[in-house]
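Structure assessment
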Amino acid sequence: MKPARLLLLLSGCALLLAPAVRGCGPGRVVGSRRRPPRKLIPLAYKQFSPNVPEKTLGASGRYEGKIARNSERFKELTPNYNPDIIFKDEENTGADRLMTQRCKDRLNSLAISVMNQWPGVKLRVTEGWDEDGHHSEESLHYEGRAVDITTSDRDRNKYGMLARLAVEAGFDWVYYESKAHIHCSVKSEHSAAAKTGGCFPGRALATLEDGARTPLWALRPGQRVLAMDGAGRPTYSDFLAFLDKEPRALTSFHVIETREPPRRLALTPTHLLFVAENASAPTAHFRPTFASHVHPGHFVLVAVGGGGLQPAEVVGVRDRRDVGAYAPLTRHGTLVVDGVVVSCFALVQEQHLAQLAFWPLRLYHSLVGWPGVQGDGVHWYSGLLYRLGRLLLPPDSFHPLGVPRAES
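First, a word on scope: everything that follows refers to the structure included in this document. (Residues numbered from 1 in each chain as written. Predicted model: local features only at pLDDT ≥ 70, side-chain atom pairs only at ≥ 80, totals over all residues. Heavy atoms only, no water.)

Let's shift gears to the overall build of the protein. Helix and strand content of the protein: 6 helices and 20 strands. Looking at the protein as a whole, 51% of its 408 residues qualify as buried. For the protein, the share of sequence-separated contacts (at least 6 apart) that also reach a separation of at least 24 residues comes to 65%. (Helix = DSSP H or I, 4+ residues; strand = E, 2+ residues; numbered from the N terminus. Buried < 20%, exposed > 50% of the residue type's maximum accessible area, 1.4 Å probe, protein only. Contact = heavy atoms within 4.5 Å.)

So, on to the environment of Ala206. Structurally, Ala206 can be placed in strand S9 (residues 205–207). As for Ala206 and Asp338, which are separated by 132 residues in sequence, their C-alpha atoms are 6.4 Å apart. Filtering out sequence-adjacent residues up to four positions away, Ala206 remains in contact with Ala212, Arg213, Thr214, Leu216, Val225 and Val336.

Take empty space enclosed by the protein next. If you roll a probe as big as a water molecule over the atoms, it shows you where there is empty space left. All told, the structure shown has 2 cavities of 30 Å³ or more when counted by the stated rule. Within this model, the largest cavity holds a volume of roughly 40 Å³. If you trace the largest cavity, you find it lined by Glu91, Ala95, Asp96, Glu127, Trp129, Asp130, Glu131 and Asp132. Within the lining of the largest cavity, the residues separate by chemical class into 2 nonpolar, no polar and 6 charged. (1 Å grid on protein atoms, 1.4 Å probe; cavity = no way out; pocket = protein on both sides within 12 Å on 5 of 7 lines; lining within 4 Å. Points joined across faces, edges and corners; volume = space filled by probe spheres on them. Nonpolar A, V, L, I, M, F, W, Y, C, P; charged D, E, K, R; others polar.)

The linkage connecting Ser49 with the following residue, Pro50, adopts the cis geometry, with an omega of 0°. Position of Pro50 among the secondary structure elements: in the loop between strand S1 (48–49) and strand S2 (78–79). A positive phi angle is found at Glu138, which is not glycine, with a value near 65°. Position of Glu138 among the secondary structure elements: in the loop between strand S5 (123–127) and strand S6 (146–151). Backbone geometry places Glu260, a non-glycine residue, at a positive phi of 50°. Following the sequence through the fold, Glu260 ends up in the loop between strand S12 (234–259) and strand S13 (263–267).

Turning to the nonpolar core, a few remarks are in order. Across soluble globular proteins, nonpolar side chains show a tendency to be buried alongside one another. Counting 40 residues, the largest nonpolar core has Leu216 and Leu273 as its most contacted members. Looking at this core, the element that brings in the most residues is strand S17 (residues 309–330), giving 6 residues. Those residues in contact with Leu216 that sit more than four places away from it in its chain are Phe200, Pro201, Gly202, Ala204, Ala206, Phe242, Tyr326, Pro328, Leu335 and Val337. Val125, Ala166, Val167 and Val174 belong to the second largest nonpolar core, which has 29 residues in total. (Core = buried A, V, L, I, M, F, W, Y, C linked by side-chain atoms within 4.5 Å.)

Turning to the sheet that holds strand S3 (residues 85–87), a few remarks are in order. Pairing between sheet strands relies on hydrogen bonds along the backbone, with the strands arranged either parallel or antiparallel. In spatial order, the strands read S1-S7-S8-S6-S5-S3; together these 6 strands make up an open sheet with mixed pairing. Bordering the open sheet on either side are S1 and S3, each of which pairs with just one other strand. As defined by bridge partners, S5 adjoins S6 across 4 bridges and the pair is classed as antiparallel. Paired with Arg124 across the strands is Thr150, a residue of S6. (Pairing = 2+ DSSP bridges.)

All right, on to a nonpolar patch on the surface then. A surface patch of nonpolar side chains, about 430 Å² in accessible area, is lined by Trp359, Leu363, Leu367 and Val368. Assignment of secondary structure puts Leu363 in helix H5 (residues 359–368). The partly exposed category is assigned to Leu363, whose relative accessible area is 37%. (Patch = residues over 30% accessible without salt bridge, like charges linked within 9 Å, V, L, I, M, F, W, Y side chains within 5 Å. Areas by Shrake-Rupley, 256 points an atom, 1.4 Å probe, with all protein chains shown as cover. Salt bridge = Lys/Arg side-chain N within 4 Å of Asp/Glu carboxyl O.)

This part covers helix H3 (residues 159–169). Along H3, 10 of the 11 residues are buried, which leaves the element largely enclosed by surrounding structure. Of all the residues in H3, the buried ones are Tyr159, Gly160, Met161, Leu162, Ala163, Arg164, Leu165, Ala166, Val167 and Ala169. The secondary structure elements touched by the buried residues of H3 are S1, helix H2 (101–117), S5, S6, strand S7 (173–178) and strand S8 (181–185). Following H3 by one or two positions, Gly170 has its phi on the positive side, about 105°.

This part takes up the pattern of salt bridges. Tallied over the entire structure, the rule returns 19 salt bridges. With a shortest N-O distance of 3.2 Å, Arg318 and Glu257 are connected by a salt bridge. You can see Arg318 sitting in strand S17 and its partner Glu257 sitting in strand S12, a full 61 residues away along the chain. Among the ionic contacts, a cluster of salt bridges with common partners joins Arg73, Glu76, Glu143 and Arg145.

So far we have only geometry, and geometry alone does not tell us how the molecule works.
And the structure:
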């Protein structure tokens, strides 16, 4: 095993020794040595990060249409009254304060970074949501997904570092666009690209050991669901927890359809399922593949009567939106959803590595048991392991939607 991957596994073990990370910040351990702060490199004029066009999946994603005050989507915008941010609001309508929740969260985080970087200086927003058509066609300002920013002292010598701080704050695309401001934007709230994990709709069905089918949202720890073992054989595996659980999230899914037998599976683009180029491949040789890489002519594994597994040809791939996003974890790291064999994992196209990385979590809860009720959101261990993986693994280990921002 490569050293970085071994370190990732060992670090996963170490995380279990400090479960308080779920609710506490990274306090200093007595006797530990402080790490020197990472040096931040300012963006150069006309540089953008990541180094891809703004409205691509690797950055803020596609334009989804202008939001007007009288439109149904206007409720997607939320006002930002953070006293640590100065809003220019030259129109005197409050429009610059309106933005999506994702944009608001990143902006508030950036405001703290600015005050820490330059005491006495605040973040200043010169442009936010645009309802008057002052920007170029298909500008993300029309959706409340973009802001133009400066510092309160308007010191242009600070703008390169301001752009870097915006990258660090989590904006999905940052552009040192003008000598007068920095442009920042975020992914759509209901875009699959806005999520770091892989999921299924809540109404998707799993098969229990007694043959009954149950929606994913209703799964409870300890139930055994149809899955596949490491040798490619059907088995029943303990359901352990949700790696992600978003009951009310409106999410974009890939829908993969097969024939002979017909199946229809919806899952997010970064999620893994098992795929082969032809129907003659042994079951154990179907390789984990991102849903976004599956196309007609591929073969996936489906469950058939009697509990067996067989190949089925993919005949169609399309997109749809659905409510609810759930990512179940089983002891075997696989399960059957809507009749199709899938992985429990996403983002990293290595089933074996992901299964190893979650071994400490499975061991820990096999000793202490599983909580009866799990809260919504990303599981604490899953989130920490993902961030650790971004530090230790090369970028090409990840799906493009999960690639760390490039130093452009």
